[in-house]
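Fold and contact review
Each chain, written out:
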Amino acid sequence: MTATGALVDIALSATPILSSGAPRQLIEIRDIRVEKAAREHMTYLANHDALTGLPNLRLFRSELRKAIDIAAASGDEFGLLWLDLDRFKSVNDTYGHAVGDVLLRSVAARFRSVVGERHLLARVGGDEFVVLCRLEQNGADPAALALRLLEAMVEPLSIKDKKLDVALSIGLAVYPHDADSLDALVHKADAALYEAKKMGRGCWRRAA
């Protein structure tokens, strides 16, 4: 404990020694706050996207496995929304990757404002994001969430004095109705996303 009363993480070790011919214990107390902070930072980096700060694909798949296990035991269901930005490649090609990176951070902020803390939002690569929509007893409609995400992208984004119009396509799959395993559920959501893009983009589709 520090002088201010704060608790301190320590490592304690005891080594048997002889002192003046008598067996004793040499106690070592080491402050490990810096080591612990470094480990926690490395764990954070391994599980979060460096650009947006969102959970990455690794953490998303881990949370999806947990959601499946919980839902399988409880009989509950949840929605998986697969999000892909429309016309993002043209932004990168026209304005460069620096503008594209700012755009992705701005998009992630808009998504966060819609998704909130109740559901899991992750960036899984490039311009693809996913939302694990938890359906508690008081009700959360993944289709309504998809509509709110689409509406959030209607207003153009202001990036470095440029107005960028980037729409969104969404594929939706619901556990266990559409699929009951991790890979099958991801495949269904991705296939639904493909159908949304075929329908003209800027829309969402449910897994067939």
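First, a word on what this report is: a plain description of the structure on this page. These numbers were taken from a predicted model, which means no experiment stands behind them. (Residues numbered from 1 in each chain as written. Predicted model: local features only at pLDDT ≥ 70, side-chain atom pairs only at ≥ 80, totals over all residues. Heavy atoms only, no water.)

**Here's the deal with the pairing of strand β2 (residues 22-31)**
Direction of pairing for strand β1 (residues 10-19) relative to β2: antiparallel, over a ladder of ten bridges. Residue pairing across strands places T15 opposite L26, the latter belonging to β2. Between the end of β1 and the start of β2, which pair antiparallel, lie two residues, with S20 showing a positive phi angle near 55°. (Pairing = 2+ DSSP bridges. Helix = DSSP H or I, 4+ residues; strand = E, 2+ residues; numbered from the N terminus.)

**Thoughts on a nonpolar patch on the surface**
Side chains of I10, L12, I27 and I29 sit close together on the surface and give an oily, nonpolar patch of about 420 Å² of accessible area. Looking at the nonpolar patch, the elements with two or more residues in it are β1 and β2. In this structure, I10 sits in strand β1. On the basis of relative accessible area, I10 is assigned to the partly exposed category, the value being 46%. (Patch = residues over 30% accessible without salt bridge, like charges linked within 9 Å, V, L, I, M, F, W, Y side chains within 5 Å. Areas by Shrake-Rupley, 256 points an atom, 1.4 Å probe, with all protein chains shown as cover. Salt bridge = Lys/Arg side-chain N within 4 Å of Asp/Glu carboxyl O. Buried < 20%, exposed > 50% of the residue type's maximum accessible area, 1.4 Å probe, protein only.)

**Quick look at the state of the cysteines**
What the rule picks out here adds up to zero disulfides. Left without a disulfide partner, C133 is nearest to the cysteine sulfur of C203, which lies 18 Å away. (Disulfide = S-S within 2.5 Å.)

**Details of the sheet that holds strand β4 (residues 120-125)**
An order of β4-β5-β3-β8-β9 is seen for the five strands of this open sheet, with the pairing classed as mixed. Looking along the sheet, the strands with just one partner apiece sit at the ends: β4 and β9 (204-206). Along the sheet, successive strands turn relative to each other by an average axial angle of 20°, direction set aside. Pairing analysis gives nine bridges linking strand β3 (residues 78-86) to strand β8 (residues 167-175), with the strands arranged antiparallel. Note on β8: the bridge partner recorded for G79 is V174. (Axes fitted to C-alpha atoms, helices over the stretch in contact; angles between N-to-C directions.)

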